[in-house]
Amino acid sequence: MSENTKPKKVILDVDTGSDDAVAIMTALQSDELDVVAICCVWGNLSVEDTTENTCRLVRAMGKDTPVYMGAPTAIAKYLERDTKQELQPIIKDGKEVRIHYKRLEGLEEPTDKKAEDMDAVSFYIDYLKHAKEKVTIITVAPMTNLGLALSAVPSIAENIEELIIMGGTDRLGNVSECAEANIWHDPEAAQIALNAGVPTLFVSLDATHSAALTLEDAETLRNLGTFAGGFTAKIIEQRAEFDSAMAGKKLTSTPVHDSLAVCAVIDPSVITESKKCNVRVALSGIADGRTIIDRRCVPSEPNCVFAFRASHDKYMEMLVKYLSK
Ligand code: RIB
Ligand code: CA
């Protein structure tokens, strides 16, 4: 690849997790990205489970990308509050229905791929302190790892090219009436990352819901005849089943959040509506974890770009391209 099309160095931060798996497969199979490491964190599951699921998936993809196990809980959230957001299963026809199972279907067996000895927070500090070129960080999970690393050594921000956050919300909510899970799980970490002054893009719930994937899309991906295509088809169907159980009616589409953030790094045109704005994270009360956009007539200085909408068709076109390998 010529200099201007050299693969972009990226670090993924995941809580694998069903949609995290699609993000990992998309990133690992794109020629435009060079995934230098995958950091794992608590969130959808325990950090032990998210790390094990990530290792098994990396091996199933035939890769040996280094995987680092990170933080087991939020920086501050659970020091004072007694709410622990354990994703509760839905019981449907006497069966437990979950959006994130302890093990990803098809990756039930352990492999020889294990996490590195170094923990994820130490990895961030070591890698970013000594990086010869800047790296893009894509967080699709609670931001605890990066928040801890930035708190310990703020200067590592100088080597972060861009921070892409799957997270935040303008009009929607999922784990609460008005907050999105990744930010809600560790609001302080998200604010620490925002304060670091790194060019930041929020790929929000509004954006991921505007490009929800359908059961027809699942069939299209299954018909690719690849491991990644079939794996993603099952994830779409499983997520739509969970959403239908939650809604008490049959839903034929479901937002697949994390891989949209990866696609936004590969080709920003997948995001169709975004705005430079000032965002702060609520750190307490009913709005705990909400991303608050400053819409005053004289707003504070912008500190990020917030994506509100994405193109379903462009998103699917990219998934077909990267999952057909
Ligand atoms: O709110 C969606 C986010 O929370 C996604 O990253 C999903 O994997 C969960 O972590
Ligand atoms: Ca995730």
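If you're wondering where the values come from, they're calculated on a predicted model, not measured in any experiment. (Residues numbered from 1 in each chain as written. Chains lettered and ligands numbered in written order. Predicted model: local features only at pLDDT ≥ 70, side-chain atom pairs only at ≥ 80, totals over all residues. Heavy atoms only, no water.)

Here's the deal with the overall build of the protein chain
And step 1. Counting its secondary structure elements, the protein chain contains 12 helices and 14 strands.
And step 2. The globule rule puts the C-alpha radius of gyration for 325 residues at 20 Å, and the 18 Å found for the protein chain is close to it.
And step 3. Referenced to the eigenvectors of the C-alpha coordinate spread, the extents of the protein chain come out at roughly 45 × 45 × 35 Å.
And step 4. For the protein chain, the residues scored as buried account for 56% of the 325 residues in total.
And step 5. In the protein chain, 80% of the contacts between residues at least 6 apart in sequence involve partners at least 24 apart.
And step 6. Of the accessible surface of the protein chain, which amounts to about 13,700 Å², a share of 51% is contributed by carbon and sulfur atoms. (Helix = DSSP H or I, 4+ residues; strand = E, 2+ residues; numbered from the N terminus. Rg over C-alpha atoms; globule rule 2.2 N^0.38 Å. Buried < 20%, exposed > 50% of the residue type's maximum accessible area, 1.4 Å probe, protein only. Contact = heavy atoms within 4.5 Å. Areas by Shrake-Rupley, 256 points an atom, 1.4 Å probe, with all protein chains shown as cover.)

Concerning the site of ligand 1
And step 1. The local shell around ligand 1 holds 13 residues, among which D19, V140, N174, E180 and D258 are the closest.
And step 2. With respect to ligand 1, the side chain of D19 contributes an N or O atom lying 2.6 Å from an oxygen atom.
And step 3. One of the side-chain nitrogen or oxygen atoms of N44 is found 3.1 Å away from an oxygen atom of ligand 1.
And step 4. Put simply, ligand 1 lies in the largest pocket.
And step 5. At the level of secondary structure, the elements contributing two or more residues to the shell around ligand 1 comprise α1 (18-28) and α6 (181-185).
And step 6. Residue classes in the shell around ligand 1 are distributed as three nonpolar, five polar and five charged. (Near = heavy atom within 4 Å. Polar contact = N/O pair within 3.5 Å; in protein donor to acceptor, adjacent residues only side chain to side chain. 1 Å grid on protein atoms, 1.4 Å probe; cavity = no way out; pocket = protein on both sides within 12 Å on 5 of 7 lines; lining within 4 Å. Sits in = over half its atoms within 2 Å of the grid points. Nonpolar A, V, L, I, M, F, W, Y, C, P; charged D, E, K, R; others polar.)

Section: the nonpolar core
And step 1. L12, I138, Y315 and L319 are the most contacted members of the largest nonpolar core, which has 56 residues in total.
And step 2. Ignoring sequence-local partners within four residues, the contact set of L12 consists of I24, A27, V35, A37, I38, C39, I138 and V262. (Core = buried A, V, L, I, M, F, W, Y, C linked by side-chain atoms within 4.5 Å.)

Points about the sheet that holds strand β3 (residues 67-69)
And step 1. With respect to topology, eight strands assemble into an open sheet ordered β3-β2-β1-β6-β7-β8-β14-β11, the strand pairing being mixed. Looking at which strands have only one partner, the edges of the open sheet turn out to be β3 and β11 (271-277). Across this sheet, the average inter-strand angle for adjacent strands is 20 degrees, counted without regard to direction.
And step 2. Summarising the sheet, strand β8 (residues 200-203) and strand β14 (residues 304-310) pair through three bridges and their orientation is parallel. From the neighbouring strand, L201 faces β14, where its bridge partner is V305.
And step 3. Seen against the sheet, helix α4 (residues 120-130) touches β1 (8-14), β2 (33-40), β3, β6 (135-139) and β7 (160-166) and runs at an angle of roughly 145 degrees to β2. (Pairing = 2+ DSSP bridges. Axes fitted to C-alpha atoms, helices over the stretch in contact; angles between N-to-C directions.)

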